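Structural characterization, general
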Amino acid sequence: HLADCCVLDVDIADGASRRLASVHDDPDRTKRLRELEARRVHFGDWPFPVATALSTDATVLADDLPPGWEQRDGVDAERAQVIRAIGIHGVMTLPLNARGRSVGALTLVATDPARPFGAEQRTVAESLAKLAALAVDNAGLYQTAQQATVARDEIIGMVSHDLRNPL
């Protein structure tokens, strides 16, 4: 309903992000998305406006992209070819915010020219982004709790060992 492809970037530390998922319903396009990720030189805005969405804390919409948009700012020919093969016609990147902080960005990609991002799609996508942000944040909290449990168990093990030793 919303898009043909979904890309999820999660904040890891110091403003850096890590791409967790790049998925399209067509396996060949999913392969190309992952190839594009492997060719990524830096964590900038190309070809998805993740950095802009995170820095402005606002949805970035690039709908009805003109032919040749993928050859921006000296992008090498191989990367431009991979982007062309995916067939991107529109991109909507939404910041993921939970508990007053950024946890990443969700990018929805339209590869069907007959599927523009309208007001209804934007509203649904923003609701989805709120839910995704909570899920990502909860996963981080769970990981922190697991690490705290492991640390507690290690401390208890050392203390009980020391208490069993004769003085």
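A few points on the structure. (Residues numbered from 1 in each chain as written. Predicted model: local features only at pLDDT ≥ 70, side-chain atom pairs only at ≥ 80, totals over all residues. Heavy atoms only, no water.)

1. Topic: the pattern of salt bridges
- Throughout the structure, instances matching the rule amount to 5 salt bridges.
- One salt bridge in this structure joins Arg115 and Asp4, with 3.0 Å as the shortest N-O distance. One end of the pair, Arg115, is in the loop between strand E5 (101–110) and helix H4 (119–164); the other, Asp4, is in the segment before strand E1 (5–13), and 111 residues separate them in sequence.
- With a relative accessible area of 25%, Arg115 lands in the partly exposed category.
- Take Asp4: its relative accessible area is 14%, and that puts it in the buried class.
- Asp153 is paired through a salt bridge with Arg152; the nearest N and O atoms lie 3.0 Å apart. (Salt bridge = Lys/Arg side-chain N within 4 Å of Asp/Glu carboxyl O. Helix = DSSP H or I, 4+ residues; strand = E, 2+ residues; numbered from the N terminus. Buried < 20%, exposed > 50% of the residue type's maximum accessible area, 1.4 Å probe, protein only.)

2. Let's talk about the layout of surface pockets
- The space that makes up the largest pocket amounts to roughly 300 Å³.
- As for the largest pocket, its lining consists of 14 residues, of which Val10, Asp11, Val136, Gly140 and Gln143 are closest to the centre.
- The set of elements that each furnish at least two residues to the lining of the largest pocket consists of E1, strand E2 (16–24), E5 and H4.
- Broken down by element, the lining of the largest pocket gets its largest block of residues, 6 residues, from H4.
- Residues that form the lining of the largest pocket fall into these classes: 6 nonpolar, 4 polar and 4 charged. (1 Å grid on protein atoms, 1.4 Å probe; cavity = no way out; pocket = protein on both sides within 12 Å on 5 of 7 lines; lining within 4 Å. Points joined across faces, edges and corners; volume = space filled by probe spheres on them. Nonpolar A, V, L, I, M, F, W, Y, C, P; charged D, E, K, R; others polar.)

3. Topic: the side chain of Thr30
- Assignment of secondary structure puts Thr30 in helix H1 (residues 27–38).
- When residues no more than four places from it in sequence are discounted, the contact partners of Thr30 are Ser22, Val23 and His24. (Contact = heavy atoms within 4.5 Å.)

4. Comments concerning a nonpolar patch on the surface
- Taken together, the side chains of Ile155, Met158, Val159 and Leu163 make up a nonpolar region of the molecular surface, amounting to roughly 420 Å² of accessible area.
- The partly exposed category is assigned to Val159, whose relative accessible area is 43%. (Patch = residues over 30% accessible without salt bridge, like charges linked within 9 Å, V, L, I, M, F, W, Y side chains within 5 Å. Areas by Shrake-Rupley, 256 points an atom, 1.4 Å probe, with all protein chains shown as cover.)

5. Notes on the state of the cysteines
- In the structure shown here, the tally under the stated rule is 0 disulfides.
- There is no disulfide at Cys5, and the cysteine sulfur nearest it, in Cys6, is 6.9 Å away.
- What makes Cys5 buried here is its relative accessible area of 3%.
- Given a relative accessible area of 30%, Cys6 falls into the partly exposed group. (Disulfide = S-S within 2.5 Å.)

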